[in-house]
Amino acid sequence: MRIIVVGAGLAGLTCAKVLAERGVEVVIFEASDGVGGRVRTDELDGFLLDRGFQVYFTSYPVSKRHLDHAALDLKSFDPGAIVRRGREESVLSDPLRDPKSLVPSLLSGAATFSDKLRTLALVAGSLSVGAATAGEMDGADSSSLEYLRSYGFSERIIDDFYRPFYGGIFLDRSLSTSSRVLRFTFKMLATGSTTVPALGIGEIPKQLASHLPPGAICTDSPVERLLWDGGRAVGVEVDGEEHEADAVVVATEAPEAGRLAGVAAPEGAVGQVCVYYAADKLRSGKKIVLNAEDGGFLNNAVEISAIAPSYAPRGQHLLCTVALEGFGLPDGEIYRRGVEDVTRWYPEAGLRPLAIYRVPYAQFDQPPGVHEWLPENRTNTPGLVLAGEYTEDSSINGSMLSGEKAAGEVLRS
Ligand SMILES: Cc1cc2nc3c(=O)[nH]c(=O)nc-3n(C[C@H](O)[C@H](O)[C@H](O)COP(=O)(O)OP(=O)(O)OC[C@H]3O[C@@H](n4cnc5c(N)ncnc54)[C@H](O)[C@@H]3O)c2cc1C
């Protein structure tokens, strides 16, 4: 049996890994020059730059079936966050996972005592659900904002913490994303660590690719169209050349899956502008810094080399900052506005611009109810299987689950 996978993102790689482990011959055609899709890391003058700020939760239930966490040498963030409103600072710790920090946490200014109790109740409620993805969380769905308000959280904690914190995760400060994503994220935060691999987020797809035989991945090979025979998918065309297969797994982003496979895939996306600076050492340590200020440019920032020192050359420091707007601004203006925010928080920051990544399509849009109508891996077309975050939820875990299920579908059919 010979299977073609279109796309070497996490979904395509996981699918290919599972198939190869079952002795199936598999070839991946990838349009870009490397593996990983949206999960890649560049090197610049000794700095490791992830293509957009992203983190890996060690408690992701599916990805840990396929990844060797020890070999990734995962480096953990400190739980909680530093909330900045101009020169005002509140340190939010994580009482659930770090009981020692309960007292300072209760004293910090951004949250009331009842907000803390509600947070504990919310986490406890999320923990009781045995879901492998956001879509499997139980109960009626609503926007994250409606959900938090229905729980009775104060507008202060919503504005100062939830908007920038989950803005950094859903890339949506309006909190219009499905509350299932919020609750699933809570579960992940409370049951494991928030990490990055020591050598960059791109180590995750590289490790998956290492399970495939040499020559199984063809990069710089965009699939132009699928080949059909009497309504059955029988291969792909790459650079004018036809390649036949017993089945084709389309593992691209949702819009490209729609184009290639003619299936209805979710539309809409959220994105981020990720701005890197070489910096003098900051006081933020291993915590994420959240911008609670109205009209601020940056949503969040982290001295990523404090978490994983190999992100910066010895003796230097790397600051990773994220804006959820400004995609069309010139580089100079983006750097300037980032410096303006950070130096208000840390006047001693000494920032030197390094790189900007504009990522308009980071995650597919996940409004309330979205998980009810996402496409399945199985299609009505013989020989055609779908894989990609958009069949589960937008995350490293969701895309890998989708790849795993796609492989199962191929093996069954
Ligand atoms: C900036 C950013 C921040 C994120 N933050 C987090 C986070 O903190 N935690 C988390 O869990 N998730 C996060 N995510 C989401 C997560 O990275 C994605 O859900 C996941 O990587 C999607 O994987 P995928 O395989 O479904 O799609 P992709 O990674 O998009 O893979 C699709 C692949 O198909 C290739 N392709 C497209 N068209 C063709 C074609 N015609 N022929 C051949 N190849 C083609 C593409 O080049 C690409 O390599 C973030 C994503 C981004 C971008």
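Scoring rules and cut-offs
Residues numbered from 1 in each chain as written. Predicted model: local features only at pLDDT ≥ 70, side-chain atom pairs only at ≥ 80, totals over all residues. Heavy atoms only, no water. Pairing = 2+ DSSP bridges. Helix = DSSP H or I, 4+ residues; strand = E, 2+ residues; numbered from the N terminus. Axes fitted to C-alpha atoms, helices over the stretch in contact; angles between N-to-C directions. Disulfide = S-S within 2.5 Å. Near = heavy atom within 4 Å. Polar contact = N/O pair within 3.5 Å; in protein donor to acceptor, adjacent residues only side chain to side chain. Areas by Shrake-Rupley, 256 points an atom, 1.4 Å probe, with all protein chains shown as cover. Nonpolar A, V, L, I, M, F, W, Y, C, P; charged D, E, K, R; others polar. Domains from an automatic or database assignment. Core = buried A, V, L, I, M, F, W, Y, C linked by side-chain atoms within 4.5 Å. Buried < 20%, exposed > 50% of the residue type's maximum accessible area, 1.4 Å probe, protein only. Contact = heavy atoms within 4.5 Å. Salt bridge = Lys/Arg side-chain N within 4 Å of Asp/Glu carboxyl O. Buried area = accessible area lost by both parts, 1.4 Å probe. Parallel < 35°, antiparallel > 145°, perpendicular 65-115°, else oblique. Left-handed = near helix turned anticlockwise from the far one by under 90°.

Undergrad: What is the right way to read the sheet that holds strand 19 (residues 352-364) from this model?
TA: By way of backbone hydrogen bonds, the strands of a sheet pair with one another, either parallel or antiparallel. Strand order in the open sheet formed by seven strands is 8-7-16-17-18-15-19, with mixed pairing between adjacent strands. Edge positions in the sheet fall to strand 8 (88-92) and strand 19, since each has one partner strand and no second. In this sheet, neighbouring strand axes are inclined to one another by 20° on average, regardless of whether the strands run parallel or antiparallel. In the sheet, strand 15 (residues 269-279) pairs with strand 19 via nine bridges, with the strands oriented antiparallel.

Undergrad: Would you explain the state of the cysteines in this entry?
TA: A disulfide bridge is the covalent bond that connects two cysteines by way of their sulfur atoms. Counted according to the given criterion, the structure contains zero disulfides. Left unpaired, C15 is separated from the closest cysteine sulfur, that of C218, by 15 Å. C320 forms no disulfide, and the closest cysteine sulfur to it belongs to C274, at a distance of 3.8 Å.

Undergrad: When you look at the site of the ligand in this model, what are you seeing that I'm missing?
TA: In the vicinity of the ligand there are 34 residues, among which E30, R38, Y60, E256 and E389 approach most closely. Here an oxygen atom of the ligand and a side-chain polar atom of E30 are 2.7 Å apart. V223 is positioned with one of its backbone polar atoms (N or O) 2.9 Å from a nitrogen atom of the ligand. Contact with the protein chains removes 95% of the 1000 Å² of surface that the ligand exposes when unbound. Where the shell around the ligand is concerned, the elements lending two or more residues are helix 1 (10-21), helix 10 (254-261), strand 19 and helix 13 (396-412). Per-class residue counts for the shell around the ligand are 16 nonpolar, 13 polar and five charged. The residue makeup of the shell around the ligand includes at least three contributed by each of domain 1 (2-39 + 202-267 + 369-412) and domain 2 (56-111 + 163-173 + 187-198 + 269-364).

Undergrad: Is there a simple way to explain the sheet that holds strand 6 (residues 74-76) in this structure?
TA: Spatially, three strands are ordered 5-9-6 in an open sheet, and the strand pairing comes out antiparallel. At either end of the open sheet lies a strand with only one pairing partner, and these are strand 5 (56-57) and strand 6. As paired strands, strand 5 and strand 9 (residues 194-197) are joined by two bridges and run antiparallel to one another. Across the sheet, F57 pairs through a bridge with T194, a residue of strand 9.

Undergrad: Whenever I open this one, the nonpolar core confuses me. Can you help?
TA: For soluble globular proteins, nonpolar side chains are generally found buried alongside one another. Counting residues in each nonpolar core, the largest one holds 93 residues, and the members touching the most others are F53, F161, Y162, Y166, V249 and I304. The two domains that each donate at least three residues to this core are domain 1 (2-39 + 202-267 + 369-412) and domain 2 (56-111 + 163-173 + 187-198 + 269-364). Excluding anything up to four places from it in sequence, F161 contacts A81, V83, L92, R156, Y166 and L290.

Undergrad: I would appreciate a short explanation of the side chain of N299 in the present structure.
TA: Turning to its location among the elements, N299 is positioned in strand 17 (residues 298-303). Setting aside residues up to four positions removed in sequence, N299 forms contacts with R163, P164, G167, G168, R173, V289, L290, N291, V322, A323 and L324.

Undergrad: What is the right way to read the pattern of salt bridges from this model?
TA: Oppositely charged side chains can pair when the atoms bearing their charge come close. Here the structure, examined in full by the defined rule, presents 29 salt bridges. A salt bridge links R65 to E404; the nearest nitrogen and oxygen atoms lie 2.7 Å apart. With R65 in helix 2 (residues 63-66) and E404 in helix 13, this residue pair connects regions lying 339 residues apart in the sequence. Among the ionic pairs, R412 bridges to E409, the shortest N-O distance being 3.1 Å. Of this pair, R412 and E409 both sit in helix 13, three residues apart, which is roughly one turn of that helix. By relative accessible area, which is 62% here, R412 ends up exposed. Looking at E409, the relative accessible area reads 11%, which means it is buried.

Undergrad: I tried to follow the domain arrangement of the protein on my own but got confused; where do I start?
TA: It is common to give the size of an interface as the accessible area that goes away when the parts come together. Partitioning the protein into domains gives domain 1 (2-39 + 202-267 + 369-412) and domain 2 (56-111 + 163-173 + 187-198 + 269-364). Between the C-alpha centres of domain 1 and domain 2 the distance comes to 31 Å. Between domain 1 and domain 2, the contact holds 26 residues from the first and 17 residues from the second. For the pairing of domain 1 and domain 2, the buried interface totals around 1800 Å² over both sides, and the portion due to carbon and sulfur atoms is 65%. Looking only at domain 1, the three residues that lose the most surface to domain 2 are I204, Q207 and N397, adding up to 31% of its buried area. At the boundary of domain 1 with domain 2, the tally comes to one salt bridge. At the boundary of domain 1 with domain 2, the tally comes to nine residue pairs in polar contact (both at pLDDT 80 or more). Sorting the residues of the side of domain 1 that touches domain 2 by element identifies helix 1, helix 9 (203-209), helix 10 and helix 13 as the ones contributing at least two each. The element contributing the most residues to the side of domain 1 that touches domain 2 is helix 13, with five residues. Each residue belonging to the side of domain 1 that touches domain 2 can be placed in one class, and the counts come to 12 nonpolar, six polar and eight charged.

Undergrad: I tried to follow the packing of helix 1 against helix 13 on my own but got confused; where do I start?
TA: To characterise two packed helices, one gives the angle between the axes of the helices and the distance between these axes. Contact geometry for helix 1 and helix 13: axes closest at 7 Å, N-to-C directions at 40°. With respect to each other, helix 1 and helix 13 are oriented oblique. Note on packing geometry: the crossing formed by helix 1 with helix 13 is right-handed. Contacts from L10, A11, T14, C15, V18 and L19 in helix 1 reach I396, S399, M400, G403, E404, A406, A407, V410 and L411 in helix 13. When the residues that make up the contact of helix 1 with helix 13 are grouped by side-chain class, the tally is 11 nonpolar, three polar and one charged.

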